[in-house]
2 protein chains.
Amino acid sequence: MIAPPTTRAEQIIARCRELALATDVPGETTRTFLAPSMHQVHALLTGWMRAAGMTVRVDAAGNLRALLPAATPNAPRLLIGSHLDTIANAGAFDGILGVVLGVALIEALAEESPTRAPLPFAIELIGFSEEEGVRFAKPFLGSLALVGQLDATTLALTDPSGITVADAIRNFGLDPAQLPAAVLDDSAFAYLEFHIEQGPVLESEDCPLGVVEAIVGQTRMQLVFTGQANHAGTTPMGRLRHDALAAAAQWIVEVERYALACPGLVATVGKVESSSGAGNVIAGRFTANLDVRHANDATRHAAVQHFLDYAASAASSRGVTVAHTKSIDQPAVPMGSALTAALAGAAARAMGRAPRRIASGAGHDAMIVVRRVPAAILFLRSPGGLSHHPGETVLAGDVALALQSGMEFLRGLRDDRATFERIAGAVARRKREDIHE
Amino acid sequence: MIAPPTTRAEQIIARCRELALATDVPGETTRTFLAPSMHQVHALLTGWMRAAGMTVRVDAAGNLRALLPAATPNAPRLLIGSHLDTIANAGAFDGILGVVLGVALIEALAEESPTRAPLPFAIELIGFSEEEGVRFAKPFLGSLALVGQLDATTLALTDPSGITVADAIRNFGLDPAQLPAAVLDDSAFAYLEFHIEQGPVLESEDCPLGVVEAIVGQTRMQLVFTGQANHAGTTPMGRLRHDALAAAAQWIVEVERYALACPGLVATVGKVESSSGAGNVIAGRFTANLDVRHANDATRHAAVQHFLDYAASAASSRGVTVAHTKSIDQPAVPMGSALTAALAGAAARAMGRAPRRIASGAGHDAMIVVRRVPAAILFLRSPGGLSHHPGETVLAGDVALALQSGMEFLRGLRDDRATFERIAGAVARRKREDIHE
């Protein structure tokens, strides 16, 4: 008898909570790249994976990789994964839910048809060692290794105690020289990731699941408005006053107005600093950090240009100057369209209604893996829109629906030859073209 | 022969620079209430005052008080003064210029008519021990003692090392029990203060001197906008976003717009703090300090009310709340009108043109002394509008004109019996009324 999905969903949640106890900071969940607590996570997951019939290894980047073999040795391989690391003082679901859900999928498959022949494709579950960028101030170390882009520069990065990425790998008992063996081979044909939304959109629309159409492109920059510090009481308003904060405030209002008027754009000024340290001093300098995201790069670039132009004009009308430095200019990453359509269809069958098509405002491992194979992401509703917070949760009913969606997706690949060909065949063709280029 | 005013002006500047070397922090000028360096200031000034024929004492609040006697023992007494303390890392002229200029006036009087009979009024030069509020976070300690308002609560205030005002007085070799003897007696009839403008108005109008009509009233408050911290990428614009910083920015723009449209009003938001510590986090809380000043209290109160109403509306349109706390609500202080008219007339005779009538955007000892006797302030142009800064200067030509204005003022009091009666008589009448109330 197949366990009722709700029960399995509750088990998924319980496993995530158990894994959240693996931490390097007692009393909270903080687990960075290959920190000691990662051994405990690997041990727990490995136990469940092996019990589900998978073979497990840890690659040289510290990624936990479990293989469910196919009927034939050289069959194509579906990847399912997410990350095992956390931010400081994290919740129990961001990242690791996708791995635990993958394990449950394998278990559900086995329960569904214990006597059935293996699938015509292998499944590799991947628990990425790093996605959050906490320890080395650079994210995606695990998935970069998977696509062969964990380069020498990155390996030489140091954490706050001076330990390099390469040293961290060695300290965990691994060998950086083996990194080439971590790179995906050509049998991989698709990547599927389950992740909490980390935002309020699904909840606000009363929708349990969303299918990601693209990961938004992102610009981050710092603007420094420079006016003249002066006495707030003795400096009259107008041309004798060069108020850097007033100029910035006018600009911040315009950033919000423009983003509201541009569908899908988010633009935020959150971290700021005024040079004025007293209530009676006009700010001579004001520093503002701008974050702009959109699924369409041209739309994002036009917004950024408008914001820069407007800042210059808001500044100059007050005898203030403005300078900017970009720290991030990262293009949008569209998800694989045939794969995403198959995932959306599977979710629709599971839910009895179409899932919300959504742009992901945050980065995910899928945006790196998609450099090699098509990728798709299924979002689970985040209650309260809460993430990166100890109070982060998921609803058991939503987890059950995500699990059913995954099962529908796997059944589709197994039973619907046309879909399978559309997804796996595209990769095979692209790879043949790569070789001939 | 009378020394040319320019030479005397240069001597005034040189003396201010010499006094600026008396500091408690080597390499800069920092001289707080009764700090050790104040002994050196007292010694230098006392030498010049005695040489000019004055008797000198230090009252129990540490004010340096020099008397030039009148022809008769119970004659009315004109006060001239300013403060001897400084902010941290100060310039050489804020405050002390008014005392050094007073000494030079006495010297100029003596040189002008060495054989002449004494004036029909005494002159008391006062170097106030404290005006800036640095050491005990409360300003005007010196002038408050003069008007009998250095109360027990103030005497019990402590500095950062736990020393009380009373202890600081004792440590300087003075006796707090003698404070009643520091209070002005009824012979004082007017107070005259020379001070740098500390703002750019006179310079921008190419005017060496200004006569203060009023010291502006002042409101200081802190507004705390509370929204909801959230992910800048995954939280869409609009009703799901509660951006405390965006609400505050809209309000800051309105504060500036309203103040520009209201003649004489200055309103400033300079010191602010965002709760967002990262470029990708929406500010859940934003704290802004507001400073509002105007010579008319009703105008200022109306502005403050508008700012509070507008803040509430800018906040609520974003699902943000706003709370405020007032730290200062200080009424405007008009200067004595007959005295101010006499000073303006004297300055006009000295300059050959009318001085600028100006509101003082900053507080001065005159606003405390005026609680007992009419007060008037003559502003000297601040080059670059610069004050509270080591680069603070005055022009020798402006100092010469201020000195001539002072001489014209003293000659007017001496020679024009009607003016003298108008000023001194008003005080005498008021004091009689006080007694009868």
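Numbering of residues begins from 1 in every chain and follows the order in which that chain's sequence is written. Ligands are numbered from 1 and chains lettered from A, in the order in which they are written. Whole-chain, interface and lining totals are the exception, using all residues; otherwise, since this is a predicted model, local features are given only for residues with pLDDT of at least 70 and side-chain atom pairs are given and counted only at 80 or more. Computation of side-chain values covers all heavy atoms of the structure but excludes hydrogens and water.

1. Looking at the interface of chain B and chain A
How big an interface is tends to be stated in terms of the accessible area lost upon association of its parts.
Okay, step 1: Contacts between the two partners involve 55 residues from chain B, matched on the other side by 55 residues from chain A.
Okay, step 2: The junction of chain B with chain A conceals about 4,100 Å² of combined surface from both sides, 62% of it contributed by carbon and sulfur atoms.
Okay, step 3: Summed over both partners, the accessible area lost on bringing two parts together, with a 1.4 Å probe, is the buried area. Summed over the three residues of chain B that lose the most area to chain A, namely B:Thr234, B:Met237 and B:Glu256, the buried surface amounts to 14% of that side.
Okay, step 4: A pair is scored as a salt bridge if a Lys or Arg side-chain nitrogen falls within 4 Å of a carboxyl oxygen belonging to Asp or Glu. Where chain B meets chain A, there are two salt bridges.
Okay, step 5: Between A:Glu256 and B:Arg318 there is a salt bridge, with its nearest N and O atoms 2.5 Å apart.
Okay, step 6: In the analysis that follows, any N or O atom pair within 3.5 Å is treated as a polar contact, provided that within protein one partner can donate a hydrogen and the other can accept it, and provided that, for residues neighboring in sequence, both atoms belong to side chains. Connecting chain B to chain A are ten residue pairs in polar contact (both at pLDDT 80 or more). What makes two residues a contact is simply this: any of their non-hydrogen atoms within 4.5 Å.

2. Points about helix H3 (residues 96-112) of chain A
Okay, step 1: Over its 17 residues, H3(A) runs 24 Å from end to end, which matches the ideal 24 Å to within 8%, given 1.5 Å per residue.
Okay, step 2: Of all 17 residues in H3(A), 14 are buried, a share of seventy percent or more. Strands are runs of DSSP state E lasting at least two residues, helices are runs of H or I lasting at least four, and both sets are numbered from the N terminus onward. Here a helix's expected span is defined as the number of its residues, less one, multiplied by 1.5 Å. The buried label applies to any residue whose accessible area, calculated with a 1.4 Å probe on protein chains only, is under 20% of its type's maximum; exposed applies above 50%, and partly exposed to all values in between.

3. Focus on helix H9 (residues 297-316) of chain A
All names here are of chain A.
Okay, step 1: Spanning 20 residues, H9 covers 29 Å between terminal C-alpha atoms, matching the ideal 28 Å at 1.5 Å per step.
Okay, step 2: Within the span of H9, buried status applies to Arg300, Ala303, Val304, Phe307, Leu308, Ala311, Ala314 and Ala315. Angular distribution of buried residues about the axis of H9 spans 135 degrees; they occupy a single face of the element. Seen from the buried face of H9, the exposed residues on the opposite side, beyond 90 degrees, are Ala298 and Ser316.
Okay, step 3: Tucked into the core, H9 has its buried residues touching strand S7 (217-226), helix H8 (244-261), strand S9 (266-274), strand S11 (285-294) and strand S12 (321-330).
Okay, step 4: Structurally, the start of H9 carries an N-cap: the backbone nitrogen of alanine 298 is 2.9 Å from a side-chain oxygen of asparagine 296. Our arc is simply the arc of the directions from the helix axis toward the C-beta atoms.

4. Brief notes about the confidence of the model for chain A
Okay, step 1: A residue-level look at chain A finds 96% of positions with pLDDT of 70 or above and a mean pLDDT of 94.
Okay, step 2: Per the prediction output, this complex has pTM 0.87; the corresponding ipTM is 0.87. pLDDT: the predictor's confidence for each residue, scored from 0 to 100.

5. Details of the sheet that holds S9(A)
Residue and element names in this part refer to chain A.
Okay, step 1: Strands qualify as paired when DSSP identifies two bridges or more between them. Strands sit in the order S9-S11-S7-S12 across an open sheet of four strands; the sheet is antiparallel. Every interior strand has two partners, whereas the edge strands, S9 and S12, have only one. Pairs of neighbouring strands in the sheet enclose a mean axial angle of 15 degrees, with direction left out of account.
Okay, step 2: In this structure, S7 lies alongside S12, joined through nine bridges in antiparallel fashion. Looking at S12, one finds that arginine 220 is bridged to isoleucine 328.
Okay, step 3: Here the axes come from fitting lines to C-alpha atoms, over the contacting stretch only for helices, and the angles between their N-to-C directions go from 0 to 180 degrees. Along the sheet, H8 contacts S7, S9 and S11; its crossing angle with S11, the most-contacted strand, is approximately 10 degrees.

6. Quick look at the sheet that holds strand S9 (residues 266-274) of chain B
Backbone-to-backbone hydrogen bonds join strands into a sheet, with any given pair of strands oriented parallel or antiparallel.
All names here are of chain B.
Okay, step 1: Strand order in the open sheet formed by four strands is S9-S11-S7-S12, with antiparallel pairing between adjacent strands. In this open sheet, the two strands that pair with only one neighbour each are S9 and strand S12 (321-330). Across the sheet, the mean angle from the axis of one strand to that of its neighbour is 15 degrees, orientation sign disregarded.
Okay, step 2: Contacting strand S7 (217-226), S9, strand S11 (285-294) and S12, helix H9 (residues 297-316) runs over the sheet at an angle of about 5 degrees to S7.

7. Things to note about the pattern of salt bridges
Residues and elements named next belong to chain A.
Okay, step 1: A full pass over the atoms with the stated rule returns 52 salt bridges over all chains.
Okay, step 2: Across the pair aspartate 206 and arginine 381 runs a salt bridge whose closest N-O atoms are separated by 3.4 Å. Of the two residues, aspartate 206 sits in the loop between helix H7 (201-204) and strand S6 (209-215) while arginine 381 sits in the loop between strand S15 (375-380) and helix H12 (396-415), which places them 175 residues apart along the sequence.
Okay, step 3: According to the relative accessible area criterion, aspartate 206 is exposed, its value standing at 56%.

8. Some remarks on the pairing of strand S2 (residues 64-68) of chain B
Residues and elements named next belong to chain B.
Okay, step 1: In terms of residue burial, S2 counts as a mostly covered element, since four of its five residues are buried.
Okay, step 2: Bridge analysis of strand S1 (residues 55-58) against S2 gives four bridges, and the strand direction is antiparallel. From the neighbouring strand, threonine 55 faces S2, where its bridge partner is leucine 67.
Okay, step 3: If you look at the hairpin formed by S1 and S2, you'll find five residues sitting between the two strands, and glycine 62 has a positive phi there, around 85 degrees.
Okay, step 4: As judged from the five bridges shared by S2 and strand S4 (residues 122-128), these two strands associate in the antiparallel manner. Note that in S4 the partner of alanine 66 across the bridge is leucine 125.

9. Examining the side chain of A:Asp85
Residues and elements named next belong to chain A.
Okay, step 1: Looking at the element boundaries, aspartate 85 is found in the loop between strand S3 (77-83) and H3.
Okay, step 2: Charge convention: Lys and Arg are scored as positive, Asp and Glu as negative, and His as well as the terminal groups of each chain are ignored. Within the buried core, aspartate 85 has no salt-bridge partner, and the shortest N-O distance to an opposite charge, that of arginine 31, equals 7.4 Å.
Okay, step 3: Within the structure, aspartate 85 has its side chain in polar contact with the side chain of histidine 83 (distance 2.9 Å).
Okay, step 4: Of note is the side chain of aspartate 85, whose polar atom sits 3.0 Å from the backbone nitrogen of glutamate 132.
Okay, step 5: Setting aside residues no more than four positions away along its own chain, aspartate 85 makes contact with Arg31, Thr32, Met38, Asp94, Phe128, Ser129, Glu130, Glu131, Glu132 and Gly133.

10. Observations concerning the pairing of S3(A)
Residues and elements named next belong to chain A.
Okay, step 1: Counting buried positions along S3 gives seven out of seven residues, so the element sits mostly inside the fold.
Okay, step 2: Residues of S3 alternate between two faces, with Arg77, Leu79, Gly81 and His83 on one and Leu78, Ile80 and Ser82 on the opposite face, all of them buried.
Okay, step 3: As paired strands, S3 and strand S4 (residues 122-128) are joined by seven bridges and run parallel to one another. Residue pairing across strands places serine 82 opposite glycine 127, the latter belonging to S4.
Okay, step 4: In terms of strand pairing, S3 meets strand S5 (residues 188-196) through four bridges, oriented parallel. Paired with arginine 77 across the bridge in S5 is alanine 188.

11. Details of the packing of aromatic side chains
Residue and element names in this part refer to chain A.
Okay, step 1: Stacked, tilted and edge-to-face are the three classes assigned to paired rings of Phe, Tyr and Trp, where Trp is represented by its six-membered ring and a pair needs centres within 6.5 Å; plane angles under 30 degrees give stacked, over 60 edge-to-face, the rest tilted. On inspection of all chains with the given rule, the structure shows 14 aromatic pairs over all chains.
Okay, step 2: The interplanar angle of 75 degrees and the centroid separation of 5.9 Å between the aromatic rings of phenylalanine 33 and phenylalanine 136 together place this pair among those described as edge-to-face. Of this pair, phenylalanine 33 sits in the loop between helix H1 (5-19) and helix H2 (37-51) while phenylalanine 136 sits in the loop between S4 and helix H4 (141-146), and the two are 103 residues apart along the sequence. For the pair phenylalanine 33 and phenylalanine 136, a shared accessibility class is recorded, and that class is buried.
Okay, step 3: An aromatic cluster of three or more residues is present, and its members are Phe121, Phe189 and Phe420.
Okay, step 4: By definition here, charges over rings are those cases where NZ of Lys or CZ of Arg is within 6 Å of the ring centre and within 35 degrees of the ring normal. The ring of tryptophan 48 has arginine 15 lying over it, and the distance from NZ or CZ to the ring centre is 4.5 Å.

12. Regarding the environment of B:Glu197
Okay, step 1: Note that B:Glu197 resides in the loop between strand S5 (188-196) and helix H7 (201-204).
Okay, step 2: On the accessibility criterion, B:Glu197 (3% relative accessible area) is buried.
Okay, step 3: Considered as a pair, B:Glu197 and B:Leu380 are 183 residues apart in the sequence and their alpha carbons are 5.7 Å apart.
Okay, step 4: Aside from chain neighbours lying at most four places away, what touches B:Glu197 is A:Thr234, B:Leu202, B:Glu203, B:Ile358, B:Phe379, B:Leu380 and B:Ser382.
Okay, step 5: A distance of 3.0 Å separates the side chain of B:Glu197 from the backbone nitrogen of B:Leu202, its partner in a polar contact.

13. Notes on the relation of the copies chain B and chain A
Okay, step 1: We superpose the copies by least squares over the C-alpha atoms of residues that have a pLDDT of at least 70 in both of them. Superposition of chain B onto chain A requires a rotation of 180 degrees combined with a translation of 0.2 Å along the rotation axis, giving an RMSD of 0.2 Å. The superposition of one copy onto the other is thereby described by a two-fold rotation axis. In terms of C-alpha distance to the rotation axis, chain B has B:Ala249 as its closest residue, with the C-alpha 2.2 Å off the axis.
Okay, step 2: Taken as a fraction of all interface residues of chain B, those also at the interface in chain A reach 98%, which identifies the copy contact as same-surface.

14. A word on the packing of helix H10 (residues 337-351) of chain B against helix H12 (residues 396-415) of chain B
Residues and elements named next belong to chain B.
Okay, step 1: Between H10 and H12, whose axes approach to 8 Å, the crossing angle comes to 125 degrees. In this view, H10 runs oblique relative to H12, as classed from their interaxial angle. Judged by the twist between their axes, the crossing of H10 over H12 is right-handed. Across the interface between the two elements, Leu339, Ala342, Leu343, Ala346, Ala347, Arg349, Ala350 and Met351 of H10 pack against Leu401, Gln404, Ser405, Glu408 and Phe409 of H12.
Okay, step 2: Throughout, the ten residues Ala, Val, Leu, Ile, Met, Phe, Trp, Tyr, Cys and Pro are labelled nonpolar, Asp, Glu, Lys and Arg are labelled charged, and all others, Gly among them, are labelled polar. Its residues placed into classes, the contact of H10 with H12 shows nine nonpolar, two polar and two charged. The labels follow the angle: roughly parallel below 35 degrees, roughly antiparallel above 145, roughly perpendicular from 65 to 115, and oblique for the rest. Helix crossings get a hand from a simple test, with the near helix turned counterclockwise from the far one by less than a right angle marking a left-handed crossing and a clockwise turn marking a right-handed one.

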